[in-house]
Amino acid sequence: MSKNLVIVESPAKGKTIERFLGKEFKVVSSYGHIRDLEKKNTGIDIENNFKPTYIVPDDKRSVVRELKKHVKDAEVIWLATDEDREGEAISWHLYDELKLNKKETRRIIFNEITKKAITTAIENPRAIDTSLFEAQQARRILDRLVGFELSPILWRKIKTQLSAGRVQSVAVRLIVEREREIDKFKPEANYRVVGEFITIDKDGKQSIVKAELQKKFKTEKEAKEFLEKCRSAQFSIESLEKKDAKKSPAAPFTTSTMQQEASRKLGFSVSRTMLVAQKLYEAGKITYMRTDSVNLSEFAMENAQSIIEGSYGKKYSNPKQYKTKSASAQEAHEAIRPSYFENASVDGGRDEQVLYDLIWKRAIASQMSDAQLERTTAKIALSNSDEKFVAKGEVIKFDGFLKVYLESTDDDNNNGEADDGILPPLSEGQNLEHKIITATQRYTRPSARFTEAMLVKKLEELGIGRPSTYAPTISTIQKRGYVLKDDRPGKERQYKVITLNSKIKEEVKTEITGADKGKLYPADIAMLVNDFLKEHFPKIMDYKFTAHVEEELDDIATGKMDWHKMLDEFYHPFHEKVEHTIENSERATGERILGTDPKTGKQVSVRMARFGPVAQLTDPKDEDSKPEYAGLRNTQKLESISLEEALELFKLPRTVGEYEDTDVVAAIGRFGPYVRHKSKFYSLGKLYDPHTITIEDSIQVIEDKRKKDAEKFIKGFEEDPDMQVLNGRWGPYLKAGKLNVRIPKDVEAKELTYAECVKLAEEAPAKKGKKGKKGKKK
């Protein structure tokens, strides 16, 4: 029997810790049961100082009983949950639920799962930090109060099954306002002039110098007039300036910078990054992955220095400690780094390998020397104009940290400007000959839509949320249907190019503008909810207020503020506003009257309906007539759709053609566009537009689905046509009416008899219902 019992959240974490402890320690996992427990509080007793009521979920009671057996046999209980507020709350709930004795309980924390870190933690236990727990509990209760009270208002005033949240609603506001900013943006054209000049050195060797005119012309006329001047101008180097410069490495990763860089370099979503990082941490390969800090421990800095000097040489080593920019950085965590820098790579899945590689490079580069550069700027004068061309070049004299890593940026809007290259030898007064000068029409662009990583960066800049909340917030607003992460193809646009070679030549070219990949688009329902909440609950939607709440939670975590007082000051004015809104606010539908259908004289309008945004045809002269409805396309908006675009929607359903002596009909339904043939429905997804799909493409969709269904089918039974053995995503399964039943791995699916299928269906475990009803507030 082990005298020491160590309790952790997950089996993976426990397995790694177990490697570093002796036989006198037994490691068990709570299997996240306390995470579920504290999430499933059944109510909040507002009159009793906001006291929450907690309940152990039925499916976790056996885990609690098992943990109690282990506790009964142990002399000392070590609570080894994560070091942040959520981890502290889990330890508190374990202590409370398992009825632990204070004298026999030790709380240990570590930010990496290594032998040294675990040993140090065992040697330096502490009590449960009630301030950290109270900060986490205050956040939970505050968010529930906001959600419990706002969501029902949205159900009554806008649409059922909507939700609101203190952080999620503000995140949606950011995306909505960015979309409206883009919609209102009017691009302005200008002409950018770039010249290629020939220089000849003393050996007669020709080189090309590429330079851009400092001035941009607003009109085609101005650009042509300038090129006419260039035809007869003499060009020479007016000035030559060389400057030494340096480029410094970025700090090691925090949670948000890791999420941003993994998005840019690896294409990972925020949630995917955190899932992979969690695996790396629990396997002992990296430090704790939810952190605001950029600090590195002395051990880490010495370890990095040793690796850098050994691999690259002493001149590449420059140990430095970084300062956290955020004044509200949570707890004294360390930055995200490899547990051991000597491990430049790790085993595991591809995701784990590439994210670890990114973390290793970022951390090791942060301890390396600056890159030393020489930047050259040459100004090229014209003999008949005051305008100047500027050529820039950059030479790396010492690569420093660039040997390992360079941080990416979100700026993909460089209008095609090339990076600074290396300039050939030049001297002041040197004459140049123009090879080609081009004036290209370019357009100003609006701010870019948010990617997940860009949204994390913005939330962090505004002080909204913390490392543990970024990923869940972004996942929630997508799951709730407020935000769509999508790729959009953009539109074709013409632009002019005027070229001076031996003579001036004009041509019109085309480009794709507005194309986006992996960007966040607000749904119409997001626009409606955002406007409703901003009108009736401006405080909740205020960026500064949301950031202020985070500061108050930080004060609770450090013992500077009482959590009951914080909730009391917030709740009562908020609740009064809720009651006032229920009684006095109007229902929000986003309705817009667009005009009149010229063919029928009916009124054309758009609004939010039960299953989404719709266009509506109404006969104002006949109150008894039923309106006609048509769903909007996913690229159309209630706010901006035109009368002509709305009328196009009523051309559905349309008969595309005939196949197998039966009409093929294209339409849009509740679940998206489809074609119907012989009473069967075939989804078009994003591949085809039901307004334009041809009969040939429709036949292809039908045949592809038939082939897929044939491959899916394994076996059927005459006794019951609703009983089928099918191939699914996770392997063969039994479909018995509406019930899907897993087939055991040791059973050959195609050999199943009807009687065996009936037995499998009867013995299938009862399907779990949806989330249990939340308890009412007292």
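To be clear, the structure that these remarks concern was listed above.
Everything in this summary refers to the structure shown in the same document.

Here is what the cut-offs are and how they apply
- Residues numbered from 1 in each chain as written.
- Predicted model: local features only at pLDDT ≥ 70, side-chain atom pairs only at ≥ 80, totals over all residues.
- Heavy atoms only, no water.
- Phe/Tyr/Trp six-rings, centres within 6.5 Å; stacked < 30°, edge-to-face > 60°.
- Helix = DSSP H or I, 4+ residues; strand = E, 2+ residues; numbered from the N terminus.
- Buried < 20%, exposed > 50% of the residue type's maximum accessible area, 1.4 Å probe, protein only.
- Lys NZ or Arg CZ within 6 Å of the ring centre and 35° of its normal.
- Pairing = 2+ DSSP bridges.
- Axes fitted to C-alpha atoms, helices over the stretch in contact; angles between N-to-C directions.
- Contact = heavy atoms within 4.5 Å.
- Left-handed = near helix turned anticlockwise from the far one by under 90°.
- Nonpolar A, V, L, I, M, F, W, Y, C, P; charged D, E, K, R; others polar.

1. Quick word on the packing of aromatic side chains
Part 1 of the argument: A complete count under the given rule lists 15 aromatic pairs for this structure.
Part 2 of the argument: With 5.2 Å between their ring centres and 75° between their planes, phenylalanine 197 and phenylalanine 389 make a pair best called edge-to-face. On the criterion of sequence distance, the pair formed by phenylalanine 197 in strand β7 (residues 189–200) and phenylalanine 389 in strand β11 (residues 385–398) is long-range, its members being 192 residues apart.
Part 3 of the argument: Given the relative accessible area of 0%, phenylalanine 197 is considered buried.
Part 4 of the argument: Judged by relative accessible area, phenylalanine 389 falls into the buried class, the value being 0%.
Part 5 of the argument: Pairing tyrosine 312 with tyrosine 316 gives two aromatic rings, centres 6.1 Å apart and planes at 50°, and the pair type is tilted.
Part 6 of the argument: Here tyrosine 312 falls in the partly exposed class, since its relative accessible area comes to 27%.
Part 7 of the argument: Against the face of tyrosine 495 rests arginine 442, its NZ or CZ located 4.9 Å from the ring centre.
Part 8 of the argument: In this arrangement the basic side chain of arginine 488 is found over the ring face of tyrosine 521, its NZ or CZ atom lying 3.8 Å from the centre.

2. Considering the sheet that holds strand β2 (residues 25–29)
Part 1 of the argument: Taken in spatial order, the four strands of this open sheet run β2-β1-β5-β6, and their pairing is parallel. Each edge of the open sheet carries a strand with a single partner, namely β2 and β6 (105–107). With strand direction ignored, the average angle separating the axes of adjacent strands in the sheet is 25°.
Part 2 of the argument: Judged from the four bridges that link them, strand β1 (residues 4–8) and strand β5 (residues 76–79) form a sheet pairing that is parallel. Residue pairing in the sheet places asparagine 4 in a bridge with valine 76 of β5.
Part 3 of the argument: With respect to the sheet, helix α4 (residues 85–97) is in contact with β1, β5 and β6, its orientation differing from that of β6 by roughly 175°.

3. Thoughts on helix α13 (residues 452–461)
Part 1 of the argument: Among all positions in α13, only Glu452, Ala453, Met454, Leu455, Val456 and Leu459 are buried.
Part 2 of the argument: Elements that come into contact with the buried residues of α13 comprise α7 (168–184), α9 (255–266), α10 (270–282), α14 (470–479), β13 (483–488) and β16 (516–522).
Part 3 of the argument: At the C-terminal side of α13, glycine 463 shows a positive phi close to 75°.

4. A few points about the environment of alanine 245
Part 1 of the argument: Of note, alanine 245 is situated in strand β9 (residues 235–247).
Part 2 of the argument: Alanine 245 gets classed as buried once you look at its relative accessible area, which sits at 16%.
Part 3 of the argument: Separated by 152 residues in sequence, alanine 245 and lysine 397 have C-alpha atoms that sit 9.8 Å apart.

5. A short note on the packing of helix α6 (residues 130–157) against helix α15 (residues 524–536)
A pair of packed helices is captured by two measures, namely the crossing angle of their axes and the spacing between those axes.
Part 1 of the argument: In the contact formed by α6 and α15, the axes pass within 12 Å of each other and the chain directions differ by 120°. You can see that α6 and α15 cross each other, and the crossing is right-handed. Together, Leu150, Ile153, Leu154 and Lys157 of α6 and Val529, Phe532 and Leu533 of α15 make up the contact between the two elements.
Part 2 of the argument: Looking at side-chain class alone, the contact of α6 with α15 contains six nonpolar, no polar and one charged residues.

6. Thoughts on the environment of glutamate 18
Part 1 of the argument: Relative to the assigned elements, glutamate 18 resides in helix α1 (residues 11–18).
Part 2 of the argument: C-alpha of glutamate 18 to C-alpha of proline 721: the two residues are 703 residues apart in sequence and 53 Å apart in space.

7. Quick word on the sheet that holds strand β22 (residues 662–669)
Part 1 of the argument: Strand order in the open sheet made by the four strands is β21-β22-β23-β24, with antiparallel pairing throughout. The outermost strands of the open sheet, each flanked by one partner alone, are β21 (654–659) and β24 (680–683). Adjacent strand axes in the sheet meet at a mean angle of 30° when their direction is disregarded.
Part 2 of the argument: Here four bridges tie strand β23 (residues 672–677) to β24, and the two strands are oriented antiparallel to one another. Considered in β24, the bridge of histidine 677 is made with lysine 680.
Part 3 of the argument: The strands touched by helix α19 (residues 695–712) within the sheet are β21, β22, β23 and β24, with β21 carrying the most contacts at an inclination of about 65°.

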